[in-house]
Every structure is written in structure tokens, then in C-alpha cells.
Amino acid sequence: MAYTFYHAVTFVLTFMSYAFFHATRKTFSNVKTTVSEEWTPSFYNETQCNNETCQPYDLWNSHHLFQKRGEDTEFLGVLDAAFMISYAVGLYISGMLGDRFNLRLVLSFGMCSSAVCVFIFGCLFEWIHFYNKYMYVLIWILNGLLQSTGWPTVVAVMGNWFGRSSRGFVLGLWSACASVGNIIGALMVSSVLDYGYDYAFLVPSSFLFAGGILNFFALVPSPKDVGLPVADEDKEKHTEDDYDSTVSVNNGQMESEPLLGSSSDVEVSGAALNRDKAVTMRQAVCLPGVALYSLAYACLKLVNYSFFFWLPFYLSNSYKWEESTADKVSIWYDIGGIIGGTIAGIISDRLEKRTLIVIPMLVLAIPSLFGYSQSPNSLVINGVLMTVVGFFVGGVSNLISAAIAADLGRQGPVAGNQKALATVTGIIDGTGSVGAAIGQLLVPAIQKEANGNWVPVFVFFMIMTFLTGVCIFPLFIREVKDMRKRYTCSWFRGCHKYPLYSDNSFEDDDEPVIIPAENEIS
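Residues numbered from 1 in each chain as written. Predicted model: local features only at pLDDT ≥ 70, side-chain atom pairs only at ≥ 80, totals over all residues. Heavy atoms only, no water.

The name recorded for the chain in an unreviewed UniProt entry is Sugar phosphate exchanger 3, from Mizuhopecten yessoensis. Regarding the chain, the UniProt comment filed under Subcellular location (unreviewed entry) reads as follows: "Membrane". As stated in UniProt under Sequence similarities (unreviewed entry), the record for the chain gives "Belongs to the major facilitator superfamily. Organophosphate:Pi antiporter (OPA) (TC 2.A.1.4) family." (UniProt positions renumbered as here; feature names shortened; annotations may be inferred.)

Structural data, given as C-alpha cells:
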């Protein structure tokens, strides 16, 4: 199907929507050093003179949350963990809400209400000089729940508009929205931080609220809403017919070989094939590949979000760079993620396989993490090594959370069902966020046990990256065997191509289909 004006508008609106989500989310990580100084007692003496004006001690320390400096680090980790836990729980809920209600309304509500929470947390409490640890945690938990409405809805909208043949490239490029949001957030913070950290929260939250209003009036969730066919609708109908022909009924349950890599049979209830009915959480988890990719993303998102939350703080503390400088340098991690996700998407489209590109990138991510942990105190060298880490870690994360999630939510058992994609995306991203939440508690704990040394933290990242590959390695083996069975070349007989089944199942005794001479591959 040819792209239309609606495709372009949908791409831009969903891209900027999640970019604004991430810009507001990135703000807190970019102002941690300033917030830390604001919440802890000043190192000044009884009085402090500034520009010939002496301020008494009680004015300098009138609104601190902690009794001495250094106690705030663990609380910052608690805030990150509280956000990620509520965000993870919210993703499971938001995925199901997105499949049961209008995607446009769910997204618009989430953007506007999240903007209000960020405004209260960073601006209102500061303006009225209200400082309470419990209220900060409560507001941040609520913000996590509301922010979770973003990813499942925007991925579902993009999955409705863009088909599988170009999904790796389109969604690989589009998934850069998170990285672009990080960059926008970092630039916004660095430009207004000198006026106070409250302005760093005010600007992104204003853009997020305005984006929610725009989506309410302009976003079209599905091509059917404007009389256009849903992406891959014809292919999905064919896939569904093929799937029906290979399904065996056993005690009311249907079994088939999975589409995207699981080597075990999968049971899916007959309701999952109903195009008009949203799938349940259990049915979504039982879809081929969903469980393994969810576990893998839990490990990888821990690493990715640890960079997201702690990178500016790490740069500022380890290299003694100014916070604004650390914010700007941290952008290169996101730039690497943008490039990595796009290139990985293009290659996976050509291969018609995703895991074949994911595993090699994960293998290369491990030495890149080690190299970055040994970076000298140089802006240029640090930025280059950071970009390489972002290419492999952030690039794979973008591919899993967008293109692969969309594939898994539109495969064999649920082909043609528009009310499954948001739920599958919510499960994958939600499980990933559980891992990320655990990471935000472990990172400061490991760093504290190492007496401020960050090398053990990077060793921990390398272990989690390795476990990511372990989780999806069975899918990698299956895809390698699939490729070998599809193309069996002989010097004398040319290439023999096996038929492409919708569920990618191949029996050992399948006879190859001989390609005509004019189509032979030399």
C-alpha cells in the first residue's frame, strides 16, 4: 500500500508524542546534581556572603530534606525505582486499555495528566516551598502510571499504519523518538537550569501538555477511521487462512508451530483469532516469542535505563564536569541508539529475521561497555565510546521495543486482530521496566559498596547484556536453522527455496521447491 498524507502525520505525531514523554522523564536525571544540592544542607558556614550580601544559615538551609550531604543518593535511587515499578505495572494495564478503548483518547489523557504531575513535582512544590519525601514519592509513582500510557498506544497506532515488510526500517527509525526525546530534554534542561531546576521541569511539561491537546484533535489511530485499509490486511488474511489450515483442535484448544521463534508448541484460545475481540493477558503472554523477548528486554532495559537515569550523574561525579556539560555529552549515547536502531531495522527487514541481527549486536555490546568503563577524562574520547555503547545497547533496545513488539502483536494466531498489539507491547515493555526498576536500586547499592568506584557497575551491565542474549538464544538458533532450510544451495543444482509458511514451521521431510532457472541465484 502506498504511503499517504495520513501516514506522514501519524509518524510525526506519534514520534513527537513519545519524544515529549521522554523529555519530561529525562529532566529528573539531568537535574539530579542540582536537586541533590537543593535537598541537602549547604556546606556554607553560619553566614554566607554573596555580592556583598550576607545570608544567614537558616535561609541557606531552610528547606532541605536530609540532615547531611550524601544521604540523598539513595533517595534519588528510590525515586527512580518507584517510578519504574509504577511504570511497569502501568504498562500492563495501559496495554489492555489501549486495545479496549480509543487509542487517541488514552494517549491524550496520559500526556496531559503526566504533564500536570511533572509540573507539581518540579515546579509547584518548589514555588510553595513544600518539601516532603513521601509526597515526592507519591507524585512520582502517579507520574509513572500515567507515563505508561504512551508506549503501548503509539506502537499500536504505528503498527496499524505501517506493514511488516518495511516495519524494521520504519519503526527502527521511528523508535528513535525516545532518544530524540532524551536529547530534547537534555537541551531544554541545559538552557534553563541556570534559572533554577523548577524551570527545567516547567518547559518539558508544557510541551507534553500541548502535545496531548494536539493529539486529541489530530491523531487518527487506524487507517479504517479514514476509509483506508489497515497495513498488511491482505497478508494477514492470507496468514490467518494458512494458520487455520495448520491448526489442530485438541479439547477446545488450538495448537500450531510458532511464528517468531519459539521451539515449543503454543496454545491459544479460539477467541484470539477474533478480529473484533481484545486478547487477554494470558493469551498475549502465550503468543510465540513474547515470553522470551519479555525476559530478554527486562535484562537489556535495566542497562539502557541505567544509562538513561545515571549517565549525567556519573559523568558529573567521576570526571568533575559541570552538570550542563555532562548533560550535553550524554546526548551521544542517544545518538548512537538512533543510528543503531535504524541500521538494525534495515538489516532485519532484508533478512526477514530480527534475532539474527540482535544477537551479534549484543555480543559486541559487551566489549563496548568494558571499553567505556576505561574511558579517560576526555570529552572527545568519552563521547565516541559512549556513542558506540549507545549503538549496540540502545539500538537493540529500540528494535525490541518497537519493531519486534509490533511483529509479535500481529503474528499468526492474532493476525488481523487490531486489539492485540497494545497488550503485547505493554507486556514486553512492562517486563522490561520491572528489570529497569530493579536496576535503579542495584546501581547505587553496587556503587556504594565499591566505595564510589563505578567499574563494578559496568561489570554488572556486561553480565545483564550477556543474560539478554541467553534469553533469546533459542530464537536465534531457530532462525539460523530456518534460514538454512529456506536456502540450500548446490554448485550443480543451484538454490532450492523452501516455501514460506506463515508460521515459519518446517518439517525435516519437507521437499524443496526448485526455483526456475531464470530465478536462480549464482
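The rest of the description comes next.
Engineer: Any chance you could explain the pattern of salt bridges here in plain terms?
Structural biologist: For side chains of opposite charge, pairing can occur when their charged atoms come near one another. For the structure shown, the criterion picks out 3 salt bridges. Among the ionic pairs, Asp 429 bridges to Lys 301, the shortest N-O distance being 2.7 Å. Residue Asp 429 is found in helix α18 (residues 421–449), and its partner Lys 301 is found in helix α13 (residues 290–318); the two are separated by 128 residues along the sequence. With a relative accessible area of 2%, Asp 429 lands in the buried category. Judged by relative accessible area, Lys 301 falls into the buried class, the value being 1%. For Arg 354, the salt bridge identified is with Asp 349, shortest N-O distance 3.1 Å. (Salt bridge = Lys/Arg side-chain N within 4 Å of Asp/Glu carboxyl O. Helix = DSSP H or I, 4+ residues; strand = E, 2+ residues; numbered from the N terminus. Buried < 20%, exposed > 50% of the residue type's maximum accessible area, 1.4 Å probe, protein only.)

Engineer: In this structure, what is going on with the environment of Pro 444? I would like to understand it.
Structural biologist: Within the secondary structure, Pro 444 is located in helix α18. Overall, Pro 444 belongs to the buried group, its relative accessible area being 13%. Counting along the chain gives 134 residues from Pro 444 to Trp 310, while the straight-line C-alpha distance between them is 9.2 Å. Discounting chain neighbours no more than four positions away, the residues touching Pro 444 are Gly 77, Trp 310 and Gly 439. (Contact = heavy atoms within 4.5 Å.)

Engineer: When you look at the side chain of Asn 215 in this model, what are you seeing that I'm missing?
Structural biologist: Position of Asn 215 relative to the elements: it lies in helix α10 (residues 197–218). Residue Asn 215 is classed as buried on the basis of its relative accessible area of 0%. Within polar-contact distance, the side chain of Asn 215 engages the side chain of Ser 17 at 2.5 Å. Non-local contacts of Asn 215, meaning those with residues more than four positions away in its chain, are made with Leu 13, Ser 17, Arg 104, Leu 107, Ser 108 and Met 111. (Polar contact = N/O pair within 3.5 Å; in protein donor to acceptor, adjacent residues only side chain to side chain.)

Engineer: Would you take a moment to explain the packing of aromatic side chains for this structure?
Structural biologist: What describes a pair of aromatic rings is the distance from one ring centre to the other and the angle between the planes of the rings. For the structure shown, the criterion picks out 38 aromatic pairs. Arranged with centres 4.8 Å apart and planes meeting at 20 degrees, the rings of Tyr 319 and Trp 321 form a pair that is stacked. Through successive ring pairs, a cluster of aromatic residues spans Phe 28, Phe 83, Tyr 87, Phe 121, Phe 125, Phe 130, Tyr 136, Trp 140, Tyr 197 and Phe 201. Here the basic side chain of Arg 104 rests over the ring of Phe 216, its NZ or CZ set 5.2 Å away from the ring centre. For the cation-ring pair, Lys 301 lies above Tyr 305, with the distance from its terminal atom to the ring centre recorded as 4.8 Å. (Phe/Tyr/Trp six-rings, centres within 6.5 Å; stacked < 30°, edge-to-face > 60°. Lys NZ or Arg CZ within 6 Å of the ring centre and 35° of its normal.)

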